[in-house]
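# Analysis of the macromolecular model
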Amino acid sequence: MFKNLVKERLMAAAEEIFALFERTIASYEEDLCHTREENERLREAVCKTQIPVQVEDFQQLVGRPDGVTPLPQERSSPLTQEVTQLPHIKEEEEELCLRGPKLLLTGVSMETENHEAKLPESSRLLHSPTAMKKNFCRAAHDAVMEPLEDDDILHEDFSSESQESSDDFGPDIKDPCSSEEEEEEKEEKNGNIDSQDVWRSRNREILWSPSHEVALPFLPPPIWNSGPTNYAVSRIRSPETAFGLFFPEDIMQHLLQMTNLQGQRSVTAWQDINMVELRAYLGLLILSGIFKSRHESTKSMWDGETGRSVFAATMSKKRFVSINRAVSFDDELSRPTRHIRDNLAPIRDVWTKWNTLLPRMFNPSRDVCVDEQFIPFRGHCSFKLLIPPKPAKYGLKIWTLCDVETSYAWNMQVHTGTPASAAAGEVDQGMRVVLELSDGLEGHTITTNNFFTSFPLAAELQKKKMALVGTIRTNKQELPPQLVKIGGRKVLSSKFAFTEKRTLVSYVAKKGKNVLLMSTKHREPKVQDTGKKEPQMILDYNLCKGAVNRLNQACAPFTCRRRTHRWPITLFYHMVDVSCYNAYVLFTAVRPEWNRGKSFKRRLFLEEIGKSLTTPAILQRSRLPKALAAANLVEQTRMQQEEEQRPRRGSLGKRKQCSMCTRRKRVVLQCNICGKATCKNHLKMLCDSCQ
């Protein structure tokens with residue numbers, strides 16, 4: 001099949017080359033016709049001035065091989081006298097000889113004869129286009145320089161000269177096709193000739209074809225077991241356990257140790273916190289997001305009338321403020337030495353441990369998306385960015401790779417500014433970010449925007465058996481000019497370009513707007529038949545590009561982020577938000593029947609996490625809070641806990657032999673105290689006070 005394709009392309013190219021030279025030959029024939037007409041006009045002008053010449057003088061003249069014989073001094077002929085008297089005729093003859101190379105002398109007058117220039121037959125042309133054009137130019141030149149046949153001597157002289165001119169056109173005559181031949185040979189050598197079947201990129205390194213026949217089929221490797229990993233499935237029992245996968249014991253112990261250390265140094269009358277209080281602190285942050293209290297003051301949240309009773313029931317306002325002030329993620333005294341080589345040193349340990357857990361719990365599906373998240377922050381930070389188009393102009397940027405189907409945050413990376421190794425600015429930052437975030441994936445399709453998309457990135461991802469789909473900027477040198485320029489194109493029109501493993505599309509969305517996409521996945525020029533007539537590449541891109549945006553939209557309504565001037569705390573709040581959403585994705589995948597049909601499942605999920613984290617702190621309070629509602633909540637929580645621990649008459653679920661009966665008797669009841677199977681004859685009814 002490939003040989004046939006190459007043969008068809010070569011035949012088409014040969015036909016186009018022969019058509020081009022047929023037009024060239026026609027143009028040279030027209031030039032020859034104009035030359036003959038001009039020579040005829042000059043011949044008529046010269047014939048009007050006839051010069052008598054004696055025969056013997058003429059014979060003596062032509063007897064010399066050089067064609068010039070000086071006349072003897074003792075002999076004066078009328079020709080000599082007439083030539084001496086009319087010097088202007090000689091000058092005119094020289095000028096005419098220069099202008100018309102076919103003007104020759106005869107015995108009586110200067111006459112010319114029209115001779116047809118015999119062009120070489122097509123069968124004698126060489127296979128090379130340059131050689132064909134060169135042979136034709138030389139043949140045309142020889143035909144112009146061919147002398148008349150009436151004068152044998154002059155014919156011999158000029159034939160020898162024409163033979164020499166056929167090789168190098170003489171020392172004084174310049175080849176009329178030499179400059180064109182040199183340029184064409186140079187273009188053929190450098191490969192600078194574009195045709196309708198091949199488009200060359202701006203950097204002259206990539207050949208693009210408007211036909212998809214040159215593209216090879218795309219065969220991605222299979223993706224197995226997308227969704228929660230076996231490690232996550234075996235440990236998820238409730239919303240609390242799903243959230244605990246992202247804040248395991250080692251991270252919580254590190255937070256507890258660093259917070260107590262910082263509290264002893266900076267907080268007056270500090271009392272060390274325990275694990276129950278630290279978990280309760282996280283639970284209160286999650287509940288504050290449910291209650292939309294991100295902009296509410298701490299005093300208002302703990303108020304007995306306007307606040308929520310759960311905050312005061314869990315811990316006092318003073319205790320919450322002191323923990324919030326002392327929470328830390330590293331040793332502040334050893335930070336300066338680490339901060340020199342790492343801008344993320346204050347939270348690097350916690351961030352690294354937490355980020356490594358994200359891919360451990362979930363296997364993404366075929367399509368993933370890489371984009372940026374912008375976390376609002378106005379405090380002091382060396383890598384804080386100003387982006388005016390964003391809703392919050394100042395903030396921290398985080399590169400994120402998300403699963404398209406669920407928007408699960410699979411890998412994240414904080415943008416900490418220009419690396420120290422790149423003094424003049426980092427080159428190919430988007431390529432580095434995508435390769436680092438996708439490390440560990442294989443066979444997936446990555447969707448990016450024009451900041452990340454590049455031809456080197458596509459080549460690197462193909463080495464890892466991954467595909468790339470994304471918009472691309474028009475200033476890329478690998479693009480052909482035929483796709484960049486949209487002048488004269490209709491609105492909603494599409495133009496494709498193909499190589500073996502890459503596809504480009506230019507879509508005119510509206511007047512003056514060119515949408516360029518590159519894909520290593522699509523290999524056919526599919527276009528929507530109705531509507532906006534969008535290419536299939538754009539439709540697939542639109543389906544996948546919003547994964548990170550959907551993650552932001554899911555976290556925003558229930559975010560626990562509060563106002564702070566410490567950027568590590570801002571990142572920690574974002575970690576809690578992302579962990580809650582990822583835990584929700586895992587839990588609903590493991591328990592799809594949980595609260596099925598309800599539209600506010602995520603709110604219920606967060607409420608269960610918050611209550612499970614704060615309940616142990618409520619139960620261990622030694623004194624009741626002053627607020628009546630908070631005190632009632634503490635009492636109610638304690639009663640519920642006692643009720644759950646109280647033994648009740650239960651059912652075995654399957655029949656067993658009664659432990660008290662001697663004869664065979666299968667029962668389903670059991671004693672709530674010992675758990676033994678017991679029939680009705682051996683059971684006693686007691687009230688709650690008697691128990």
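Residue numbers restart at each chain and count upward from 1, following the sequence in its written direction. Only residues with pLDDT of at least 70 get local features here, since the model is predicted, and only at 80 or more are side-chain atom pairs given and counted; chain-wide, interface and lining totals rely on the full set of residues. In computing side-chain properties, one takes all heavy atoms of the structure into account and sets aside hydrogens as well as water.

Our next topic: the overall build of the chain. Within the chain one finds 24 helices and 17 strands. Partly exposed residues are those whose accessible area sits between 20% and 50% of the maximum for their type, while under 20% is buried and over 50% is exposed, using a 1.4 Å probe and protein chains only. Taking all 691 residues of the chain together, 41% fall into the buried category. Long-range pairs, those at least 24 residues apart, make up 61% of the contacts in the chain between residues at least 6 apart in sequence. Accessible areas in this description were obtained via Shrake-Rupley with a 1.4 Å probe; residue shielding takes into account the shown protein chains only. In the form shown here, the chain has an accessible surface area of approximately 39,900 Å², with 51% of it arising from carbon and sulfur atoms. Numbering of helices and strands runs from the N terminus, with a helix taken as a DSSP run of H or I at least four residues long and a strand as a DSSP run of E at least two residues long. Two residues qualify as a contact provided that any one of their heavy atoms is within 4.5 Å of a heavy atom in the partner residue.

The criterion for an aromatic pair is that two Phe, Tyr or Trp rings (for Trp, the six-membered ring) have centres within 6.5 Å, with stacked assigned to planes under 30 degrees apart, edge-to-face to planes over 60 apart and tilted to the rest. Scanning all chains against the criterion turns up 19 aromatic pairs. Between the aromatic rings of Phe-383 and Trp-567, the centroid separation amounts to 5.0 Å while the plane-to-plane angle is 75 degrees, which identifies the pairing as edge-to-face. Of this pair, Phe-383 sits in the loop between β7 (367-376) and β8 (385-386) while Trp-567 sits in helix α22 (residues 567-590), and the two are 184 residues apart along the sequence. Looking at Phe-383, the relative accessible area reads 3%, which means it is buried. Classification of Trp-567 as buried rests on a relative accessible area of 10%. A centroid spacing of 5.1 Å and a plane angle of 90 degrees characterise the contact between Phe-451 and Phe-452, whose relative ring orientation is edge-to-face. Judged by its relative accessible area of 33%, Phe-451 falls in the partly exposed class.

All right, on to the side chain of His-522 then. Here His-522 lies in the loop between β15 (513-519) and α20 (536-544). You can call His-522 buried: its relative accessible area is 10%. Looking at His-522, its side chain comes within polar contact range of the side chain of Ser-519, at 2.8 Å. Polar contact criterion, stated in full: a pair of N or O atoms within 3.5 Å, where within protein one must be able to donate a hydrogen and the other to accept it, and residues adjacent in sequence count only if both atoms are side-chain atoms. At 2.6 Å, the side chain of His-522 forms a polar contact with the side chain of Asp-540. What His-522 contacts, discounting residues up to four positions off in sequence, is Val-469, Thr-503, Gln-536, Met-537 and Asp-540.

Taken together, Phe-2, Val-6 and Leu-10 make up a surface patch of nonpolar side chains, about 320 Å² in accessible area. Considering the arrangement of structural elements, one finds Val-6 in helix α1 (residues 2-47). The class of Val-6 is partly exposed, set by a relative accessible area of 34%. Here, patches come from residues exposed beyond 30% relative accessible area and free of salt bridges, joined within 9 Å for like charges and within 5 Å for nonpolar side chains (Val, Leu, Ile, Met, Phe, Trp, Tyr). Within this document, salt bridges are pairs made up of a side-chain nitrogen of Lys or Arg and a carboxyl oxygen of Asp or Glu, the two lying within 4 Å of each other.

This brings us to the pairing of strand β14 (residues 503-510). With 6 of its 8 residues buried, β14 lies for the most part within the structure. From the end of strand β13 (residues 494-498) to the start of β14, which pair antiparallel, there are 4 residues. Sheet topology places β14 next to β15; 7 bridges connect them, and they run antiparallel. Across the sheet, residue Thr-503 finds its bridge partner in β15, namely Ser-519. At least two DSSP bridges between two strands are needed for those strands to be called paired. Remark: 2 residues form the turn of the hairpin made by β14 and β15, two consecutive strands paired antiparallel; Gly-512 in that turn has positive phi of roughly 85 degrees.

Moving on, we come to the confidence of the model for the chain. pLDDT measures how confident the predictor is about each residue, on a scale from 0 to 100. Across the chain, the average pLDDT comes to 79, with 75% of residues at 70 or higher. Here strand β1 (residues 104-105) stands out as the least confident element of the chain, with mean pLDDT 32; strand β10 (residues 409-414) is the most confident, with 97. Segment residues 50-137: pLDDT under 50, and 105 contacts once partners within four positions in sequence are set aside and those in other chains are kept. Within the model, the stretch residues 139-181 combines pLDDT values under 50 with 47 contacts to residues more than four positions away or in other chains.

Turning our attention to the nonpolar core. Formed by 121 residues in total, the largest nonpolar core has its most connected members in Phe-246, Phe-247, Trp-354, Tyr-408, Trp-567, Phe-572 and Phe-605. A total of 15 residues in this core trace back to one element, the largest contributor, which is α22. Setting aside chain neighbours within four positions, we find Phe-605 in contact with Pro-239, Ala-242, Cys-580, Ala-583, Tyr-584, Phe-587 and Trp-594. By nonpolar core we mean a set of buried residues, namely Ala, Val, Leu, Ile, Met, Phe, Trp, Tyr and Cys, connected to one another through side-chain atoms within 4.5 Å. If you look at the next biggest cluster of nonpolar residues, it comprises 11 residues, including Ala-215, Phe-498, Val-515 and Met-537.

Another aspect to go through is the packing of helix α10 (residues 249-266) against helix α16 (residues 348-361). Only the stretch in contact is used when a helix axis is fitted, and all axes are lines through C-alpha atoms; the angle between N-to-C directions ranges over 0 to 180 degrees. For the pair α10 and α16, interaxial distance at closest approach is 10 Å and the crossing angle is 165 degrees. Taken together, the axes of α10 and α16 lie roughly antiparallel to each other. In terms of crossing hand, the pair formed by α10 and α16 is left-handed. Two secondary-structure elements touch here, α10 through Asp-250, Ile-251, His-254 and Leu-255 and α16 through Asp-349, Val-350, Lys-353, Trp-354 and Leu-357. Orientation categories follow fixed angle ranges, with anything under 35 degrees roughly parallel, anything over 145 roughly antiparallel, 65 to 115 roughly perpendicular, and all other angles oblique. Two helices crossing with the near one rotated counterclockwise from the far one by less than a right angle form a left-handed crossing, whereas a clockwise rotation gives a right-handed crossing.

In plain terms, two cysteine sulfur atoms within 2.5 Å form what is called a disulfide here. According to the stated counting rule, one finds 0 disulfides in the structure shown. Free cysteine Cys-555: the closest other cysteine sulfur is in Cys-580, separated by 8.4 Å. With no disulfide of its own, Cys-658 lies closest to Cys-679 among cysteine sulfurs, the gap being 3.6 Å.

Right, let's talk about helix α11 (residues 275-290) for a bit. End to end, α11 covers 23 Å across 16 residues, agreeing with the expected 22 Å (1.5 Å per residue, within 8%). A positive backbone phi angle near 55 degrees is found at Lys-292, which sits one or two residues after α11. In this scheme, a helix's expected span is set at 1.5 Å multiplied by one less than its residue total.

Time to look at the side chain of His-574. Among the secondary structure elements, His-574 is positioned in helix α22. Its relative accessible area of 5% is what places His-574 among the buried residues.

Another point: the pattern of salt bridges. The final tally for this structure, using the stated rule, is 16 salt bridges. Each member of the salt-bridge network shares a partner with another, and the members are Asp-330, Arg-335 and Arg-338.

Our focus in this paragraph is the pairing of β15. Counting buried positions along β15 gives 6 out of 7 residues, so the element sits mostly inside the fold. Here strand β12 (residues 467-471) pairs with β15 via 3 bridges, running antiparallel. What sits directly across from Gly-470, in β15, is Met-518.

Below, the discussion takes up helix α17 (residues 429-437). Within α17, 7 of the 9 residues are buried, leaving the element largely enclosed by the surrounding structure. The elements touched by buried residues of α17 are β7, β9 (394-403), β10, β11 (445-448) and α18 (455-463).

This paragraph deals with the packing of α16 against α22. For the pair α16 and α22, interaxial distance at closest approach is 12 Å and the crossing angle is 15 degrees. The orientation of α16 with respect to α22, classified from their angle, is roughly parallel. Relative to α22, the crossing made by α16 is left-handed. Here α16 contributes Val-350, Trp-351, Trp-354, Leu-358 and Met-361 to the contact with α22, which in turn contributes Met-575, Val-578, Ser-579, Asn-582 and Leu-586. The residue classification treats Ala, Val, Leu, Ile, Met, Phe, Trp, Tyr, Cys and Pro as nonpolar and Asp, Glu, Lys and Arg as charged. All others, Gly included, are polar. The residue makeup of the contact of α16 with α22, split by class, is 8 nonpolar, 2 polar and no charged.

Let us now look at the environment of Leu-517. Take Leu-517: it is sitting in strand β15. Look at Leu-517 and you get buried, because its relative accessible area is 1%. For Leu-517 and Val-469, which are 48 residues apart along the polypeptide, the C-alpha to C-alpha distance reads 7.3 Å. Ignoring anything within four residues of it in the chain, the contact list for Leu-517 reads Gly-470, Thr-471, Ile-472, Thr-503, Leu-504, Val-505, Met-537, Ile-538 and Tyr-541.

Okay, unusual backbone geometry next. For Asn-225, which is not glycine, the phi torsion reads 55 degrees and is therefore positive. By secondary structure assignment, the location of Asn-225 is in the loop between β4 (207-208) and β5 (227-228). Take Asn-225: its relative accessible area is 64%, and that puts it in the exposed class. Positive phi values are uncommon outside glycine, yet Lys-465 reaches one of about 65 degrees. Relative to the helices and strands, Lys-465 is located in the loop between α18 and β12.

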